[in-house]
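# Coordinate inspection notes
Here are the chains, one letter per residue:
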Amino acid sequence: MQHFLSIDDFTPAQVCTMLKRAHALREQRRNGVPNEPVLAGKTLAMLFEKPSLRTRVSFEQGMLELGGNAIVLGQHEVGLGKRESVADVARVLGGMVHAIAARVFNHEHLEELAAHAGVPVINMLSDQSHPAQALADVLTLMDEFSPGNPEGLKGRSVAFVGDGNNVARSLAVICEKLGMRFVIASPPEFELTAAPGICELVTDPREAVKGVDAVYADTFVSMGEEAEKEKKLAAFKDYQINDALLEGVAEDAIVLHCLPAYRGVEITDAVMDGPRSRVFPQAHNRLHAQKGMLAELLAK
Ligand code: CP
Ligand code: NVA
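None of the values given here were measured: they were computed from a predicted structure.

Right, let's get into the overall build of the chain. When its secondary structure is counted, the chain shows 11 helices and 9 strands. A compact globule built from 300 residues would reach a C-alpha radius of gyration of about 19 Å, and the chain, at 19 Å, matches this within 12%. Counting only contacts in the chain whose residues sit at least 6 apart along the sequence, the fraction spanning at least 24 positions is 71%. Approximately 12500 Å² of the chain is accessible, and the part contributed by carbon and sulfur atoms is 52%. Taking the 30 positively charged and 40 negatively charged side chains of the chain as two groups, their mean positions are separated by 4 Å.

Have a look at this one:
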């Protein structure tokens, strides 16, 4: 059974298939043609240990548009690993729904769900990775540099400026799968780990963005890191994406952010709302990317 826990679990060809399906489903929708109900009769249970806007709406709306159904479950009602063990939650849900999506603090809980559910498990963000976001990020890069054709992104470059976190890790992996260069600028203490050989690690944001096709930002303080907020904000004070930093990028370079953004902290208003910004099409692409992935994973 195929789960969607990490981009690592997929071959480059499988990643391209999901992206092409996402693109095709979006074209159909834009032409006013309803997508075929390939997930009719299928239900996705969605467990959230953390807040969400984009992920929740894109998965729920995506299931609906493909003819399926979604049930959203908050941590206050499920108590994953607290009210009930992770394995037992998986065993119960696995007998009632066709797939389980979860946003968790601890990536191991996703692996435990996958081990016991008997149905596909989908990562909606963990401390380790955010693969659903990475698909939408690449769809946005395709829109700019290689419409409909993920293979055409080979040789393009992305500079991530900030924390070596879940979003950075999935983006690094998907870039490597598609033959893109991925460089990340972080303070040494917050370097991207567990990604040896697939990306360039630097400390100077100006060095990272030199000549790249896309510059990427995420919050400096992820959900669950509130206690470290002051320390992290101090460490990242020179890592803001602003107009001065963008002087070094390629002429047609774009700016991405997974959102939510802390305007004036990791990115300025001028950049977020400026001509290079693709952050809102990128957010909308969550819907299409999730549909491409759900269709490939669950409709077979
Ligand atoms: N980018 C992202 O995953 O947004 P949410 O946290 O709102 O789902
Ligand atoms: N790195 C952020 C991403 C939010 C979508 C977090 O984990 O909070």
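Taken together, the neighbourhood of ligand 2 is formed by Leu125, Asn165, Asn166, Val167, Asp218, Thr219, Ser222, Met223 and Leu259. In the model, a nitrogen atom of ligand 2 is placed 2.7 Å from a nitrogen or oxygen of the serine 222 side chain. Protein chains bury 95% of the 270 Å² of accessible surface belonging to ligand 2 in isolation.

Inspection of the entire model under this criterion finds 17 salt bridges. In this structure, the salt-bridge partner of lysine 291 is glutamate 65, at a minimum N-O distance of 2.6 Å. Residue lysine 291 is found in helix H11 (residues 279–298), and its partner glutamate 65 is found in helix H2 (residues 54–65); the two are separated by 226 residues along the sequence. In terms of burial, lysine 291 and glutamate 65 fall into one category: buried. Because the salt bridges share partners, they merge into one network encompassing Arg29, Glu65 and Lys291.

Attention shifts here to the packing of H2 against H11. Where H2 meets H11, the axes come as close as 8 Å, and the angle between the chain directions of the two elements is 50°. Between H2 and H11, the crossing angle belongs to the class labelled oblique. By crossing handedness, the relation of H2 to H11 is classed as right-handed. Of the residues in H11, those in contact with Arg54, Thr55, Ser58, Phe59, Gln61, Gly62, Met63 and Glu65 of H2 are Ala283, Arg286, Leu287, Gln290, Lys291, Met293 and Leu294. Here the contact of H2 with H11 is composed, by residue class, of 6 nonpolar, 5 polar and 4 charged.

Reading guide: rules and limits
Residues numbered from 1 in each chain as written. Chains lettered and ligands numbered in written order. Predicted model: local features only at pLDDT ≥ 70, side-chain atom pairs only at ≥ 80, totals over all residues. Heavy atoms only, no water. Helix = DSSP H or I, 4+ residues; strand = E, 2+ residues; numbered from the N terminus. Rg over C-alpha atoms; globule rule 2.2 N^0.38 Å. Contact = heavy atoms within 4.5 Å. Areas by Shrake-Rupley, 256 points an atom, 1.4 Å probe, with all protein chains shown as cover. Lys, Arg positive; Asp, Glu negative; His and termini not counted. Charge placed at Lys NZ, Arg CZ, Asp CG, Glu CD. Near = heavy atom within 4 Å. Polar contact = N/O pair within 3.5 Å; in protein donor to acceptor, adjacent residues only side chain to side chain. Salt bridge = Lys/Arg side-chain N within 4 Å of Asp/Glu carboxyl O. Buried < 20%, exposed > 50% of the residue type's maximum accessible area, 1.4 Å probe, protein only. Axes fitted to C-alpha atoms, helices over the stretch in contact; angles between N-to-C directions. Parallel < 35°, antiparallel > 145°, perpendicular 65-115°, else oblique. Left-handed = near helix turned anticlockwise from the far one by under 90°. Nonpolar A, V, L, I, M, F, W, Y, C, P; charged D, E, K, R; others polar.

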